[in-house]
Amino acid sequence: KVRLLNVRKVDLILQDGNGIELHRKSYYFGSKGTNLTPDESKEFTMSYWVPTGFLRDVRKLSAGLAYEFKVQEEKQ
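These figures come from a predicted structure and were not determined experimentally.

Calculation rules
Residues numbered from 1 in each chain as written. Predicted model: local features only at pLDDT ≥ 70, side-chain atom pairs only at ≥ 80, totals over all residues. Heavy atoms only, no water. Helix = DSSP H or I, 4+ residues; strand = E, 2+ residues; numbered from the N terminus. Rg over C-alpha atoms; globule rule 2.2 N^0.38 Å. Buried < 20%, exposed > 50% of the residue type's maximum accessible area, 1.4 Å probe, protein only. Contact = heavy atoms within 4.5 Å. Lys, Arg positive; Asp, Glu negative; His and termini not counted. Charge placed at Lys NZ, Arg CZ, Asp CG, Glu CD. Polar contact = N/O pair within 3.5 Å; in protein donor to acceptor, adjacent residues only side chain to side chain. Core = buried A, V, L, I, M, F, W, Y, C linked by side-chain atoms within 4.5 Å.

Engineer: Can you walk me through the overall build of the protein chain in this structure?
Structural biologist: The helix and strand inventory of the protein chain stands at zero helices and four strands. Written out in order from the N terminus, the α and β elements of the protein chain read β-β-β-β. For 76 residues, the compact-globule estimate of 2.2 N^0.38 gives 11 Å, and the C-alpha radius of gyration of the protein chain, at 16 Å, exceeds that figure by more than 25%. For the protein chain, the spread of C-alpha atoms along the principal axes amounts to about 55 × 20 × 20 Å. For the protein chain, the residues scored as buried account for 24% of the 76 residues in total. Pairs at least 24 residues apart make up 69% of the contacts formed inside the protein chain by residues separated by at least 6 positions. Separation between the mean location of the 13 positive side-chain charges and that of the 10 negative ones in the protein chain comes to 4 Å.

Engineer: Before we go on, may I ask you to explain the side chain of N6 in this structure?
Structural biologist: Within the secondary structure, N6 is located in strand 1 (residues 2-15). Polar side-chain contacts of N6 include one of 2.6 Å to the side chain of N35. Aside from chain neighbours lying at most four places away, what touches N6 is K32, G33, T34, N35, A66, Y67, E68 and K70.

Engineer: Whenever I open this one, the nonpolar core confuses me. Can you help?
Structural biologist: In summary, soluble globular proteins display a tendency toward joint burial of nonpolar side chains. Ranked by size, the top nonpolar core spans nine residues in total: L5, V7, V10, L12, L14, Y27, F29, L36 and Y48. Discounting chain neighbours no more than four positions away, the residues touching V7 are F29, G33, T34, L36, L65, A66 and Y67.

What follows is the structure in structure tokens.
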């Protein structure tokens, strides 16, 4: 059995120097998401426009994945 990681969205989060969230932008991978098998990697390029009022205060940009695991039978 193969355990798939199904990525549904990526959250990009702007934080200030105290770790307080200033702004968040979510990118969705459609209703089915995108699957990753063990040892597989994918690269995604995203543009993030910082809202003008936050430019002075931003100290950190972090990303988080919204995901679920699925088990798939290996074909032999």
